Amino acid sequence: MMARLLPRRPGGHERGEPIPARVHLVGVGGIHMSAIAEMLLARRHLVSGSDLAASAITRRLQALGATVYIGHDAAQIGSADLVVTTAAAGEENPELRAARARGTPVAVRAEMVARLTAERDLLAVAGSHGKTTTSTLLALMLVHAGLDPLVLLGGQSRDLAALAPAREVELPAAGTALHDGSGVHAVIEADEYAGAFLHYAPQVAVITSVEPDHLDYYGSEERLRGAFSDFAARVVDGGALVVCADDPGAAALGAARERAGARVERYGIAAPGELTWRATRLRLNDDGGYDFVVRWDERELGDLSLRVPGRHNVLNALAALAAAMRAGVDFHRARAAASAFTGAHRRFDPHGEVALGGGVVTLLDDYAHHPTEVRATLQAARQRYAGRRLVGCFQPHTFSRSAYLLEGFRDCFEQLARLYVIPTYAAREPASAGLDGSALAREIERPEATYLADIESGADRIASELEPGDVFITLGAGPVDLLLPMVRARLLAMGAAP
């Protein structure tokens, strides 16, 4: 039904360029960077790295044989033959300055991913939202079809971890971002920050959505959209661009590429006009997700059932299906993989329930940090937990994002009965870059937000104000999920039952 992908085109570096024996990674504790480190360790490279703080990820890398330094110092690059850096590390980083001074090659993370996938048929998932879920679903479809892809995700997947062979160093409970398969395909989450996705030349590129984000780097929405356009143009001759027709930004980009002669496949639920892939007859199922019928070029392929909630995940599944079938996966195998999918880590992630006063409090966590993501997550929660009170705690991610997306933040929390806001996860920014958490809380209109300046005392207040039957959800890309065990402990101390 689907033709096999055509031959590859090299993407900005020599194909087959060897990776040297000693590699040092700046920012090794990040999801993307740690997956690269783990892959290099498995391939018998000598790996060192540095990060600002120790974590479960850095400890795991140390157990696997990496030398990990906490903090940054010029001496830490040692005798590395190549230094790989996260885009978040500035030019003033002492390790990068030392490497350049002595002539050691320095590559950004996306350049390293391009080298690692140079000999593969590349399936790249980009978009303002939904990248991790879509790329995880796509990876699982290929694995279930026996294609054994190389996979590099931007989040962790328990489903992918379950398919990994037993290892001396156990995978984290959250799952893995890596599958170092031996097949001809590579599945990567192609993020737009700092133009990372412009290092790739995919056979199939998926664009789930295009909305304002990362304007701290791009400076304007126009430049951001231009970068997505450049990424779409990097699809190799004979390849395909898969775009979400329900998203205006992605749909406009697809139309422009089609006018330029590119092969474009559209997917959607509600979009008017002709679609290559459409989900129809959506209905809620007993797992809280959707069952729906998949149509391909007006031909009905069959039913697909999802356990994860939300219409946005129906779109994510359609995108993954389109890319997987272009890679040669049979629909029935792809459907089976999607039906077994339990979700990516920190994407509507359940954290159990606590009995309270004759009812229960359900605990959830989600990575949503953009107004569109927050709205989709809370709509999914309203769908799954109909009739129950939703209470949320949001941690803003970067000061600049709170400023340039302020209008969206004013009302994206409106499904919540109560909203708490904790201090901003600054990431790479000073407070002067935009609005802090306290200022954002004052601007939110629906519902009125309560600012909690301290997470410890904040956990006390949240626990004391939760009621039987509540669903409590933490939202944000920072470590807001650390609040959940604190709230659970306080509920139990108040006499609730686990």
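Predicted model, so just to flag it, every value in this text is computed and none were measured.

Section: the overall build of the protein
- When helices and strands are tallied, the protein shows 17 helices and 21 strands.
- Over its C-alpha trace the protein gives a radius of gyration of 22 Å, about what one expects of a compact globule, namely 23 Å for 498 residues.
- Overall size of the protein, expressed as C-alpha extent along the three principal axes, is 65 × 60 × 45 Å.
- Once the 51 positive and 60 negative side-chain charges of the protein are each reduced to a mean point, those two points are 4 Å apart.

A closer look at the sheet that holds strand β4 (residues 82–85)
- Read across the sheet, five strands follow the order β3-β2-β1-β4-β5 without closing on themselves; strand pairing throughout is parallel. At either end of the open sheet lies a strand with only one pairing partner, and these are β3 (67–70) and β5 (106–108). In this sheet, neighbouring strand axes are inclined to one another by 20° on average, regardless of whether the strands run parallel or antiparallel.
- Pairing geometry for strand β1 (residues 22–26) and β4, over four bridges, is parallel. Among the inter-strand pairings, histidine 24 is bridged to a residue of β4, identified as valine 83.

With respect to the pairing of strand β10 (residues 204–207)
- Burial along β10 is two-sided: the residues Val204 and Val206 and Ala205 and Ile207 are all buried.
- Pairing geometry for β10 and strand β11 (residues 240–244), over four bridges, is parallel. Each bridged residue has a counterpart across the sheet, and for valine 206 the counterpart in β11 is valine 242.

With respect to the confidence of the model for the protein
- Per-chain confidence: the protein averages 93 in pLDDT, with 95% of residues scoring 70 or above.
- Scored below 50 in pLDDT, residues 1–14 shows 42 contacts in the model against residues more than four places distant or in partner chains.

Examining the pattern of salt bridges
- Scanning the entire structure with this criterion turns up 28 salt bridges.
- For the salt bridge of arginine 281 with glutamate 300, the shortest nitrogen-to-oxygen distance reads 3.6 Å. In this pair, arginine 281 sits in strand β13 (residues 277–284) while glutamate 300 sits in strand β15 (residues 299–305), placing the two residues 19 residues apart along the sequence.
- Glutamate 465 is paired through a salt bridge with arginine 461; the nearest N and O atoms lie 3.0 Å apart. One end of the pair, glutamate 465, and the other, arginine 461, are both in helix α16 (residues 455–465), four residues apart, so they sit about a helical turn from each other.
- For glutamate 465, a relative accessible area of 25% corresponds to the partly exposed category.
- Overall, arginine 461 belongs to the partly exposed group, its relative accessible area being 36%.

Concerning unusual backbone geometry
- Proline 447 follows arginine 446 through a cis peptide bond whose omega is -10°.
- For arginine 281, which is not glycine, the phi dihedral falls at a positive 50°.
- The backbone phi angle of glutamate 298 is positive, close to 70°, even though this residue is not glycine.
- Take glutamate 298: it is sitting in the loop between β14 (290–296) and β15.

Concerning the packing of helix α8 (residues 221–233) against helix α9 (residues 248–259)
- One can describe the packing of α8 onto α9 by two numbers: an axis separation of 10 Å at closest approach and a directional angle of 50°. The angle between the axes of α8 and α9 places the two elements in the oblique class. For the pair α8 and α9, the sense of crossing is right-handed. Residues Arg225, Phe228, Ser229, Ala232 and Ala233 of α8 form the contact with α9, whose own contacting residues are Gly249, Leu253 and Arg257.

Side note on α9
- Compared with the 16 Å implied by 1.5 Å per residue over twelve residues, the 17 Å span of α9 between its first and last C-alpha is a close match.
- Among the residues of α9, those classed as buried are Gly249, Ala250, Leu253, Gly254 and Arg257. Each buried residue of α9 lies within a common arc of 130° when the element is viewed along its axis, so the set occupies one face. Exposed residues on α9 whose side chains face more than 90 degrees from its buried face are Pro248 and Arg259.
- Where α9 is buried, its residues meet β10, α8, β11 and β12 (264–268).

Remarks on the packing of helix α5 (residues 131–144) against helix α11 (residues 331–340)
- Two elements in contact, α5 and α11, have axes separated by 8 Å at closest approach and are oriented at 125°. Overall, the two elements α5 and α11 adopt an arrangement that is oblique. Crossing of α5 against α11: the hand is right-handed. For the pair formed by α5 and α11, the contact residues are Leu137, Leu140, Met141 and His144 on the first element and Arg333, Ala334, Ala337 and Ala338 on the second.
- Here the residues of the contact of α5 with α11 sort into six nonpolar, one polar and one charged.

Conventions we followed
- Residues numbered from 1 in each chain as written.
- Predicted model: local features only at pLDDT ≥ 70, side-chain atom pairs only at ≥ 80, totals over all residues.
- Heavy atoms only, no water.
- Helix = DSSP H or I, 4+ residues; strand = E, 2+ residues; numbered from the N terminus.
- Rg over C-alpha atoms; globule rule 2.2 N^0.38 Å.
- Lys, Arg positive; Asp, Glu negative; His and termini not counted.
- Charge placed at Lys NZ, Arg CZ, Asp CG, Glu CD.
- Pairing = 2+ DSSP bridges.
- Axes fitted to C-alpha atoms, helices over the stretch in contact; angles between N-to-C directions.
- Buried < 20%, exposed > 50% of the residue type's maximum accessible area, 1.4 Å probe, protein only.
- pLDDT = per-residue confidence, 0-100.
- Contact = heavy atoms within 4.5 Å.
- Salt bridge = Lys/Arg side-chain N within 4 Å of Asp/Glu carboxyl O.
- Parallel < 35°, antiparallel > 145°, perpendicular 65-115°, else oblique.
- Left-handed = near helix turned anticlockwise from the far one by under 90°.
- Expected span 1.5 Å × (residues − 1).
- Arc of directions from axis to C-beta.
- Nonpolar A, V, L, I, M, F, W, Y, C, P; charged D, E, K, R; others polar.

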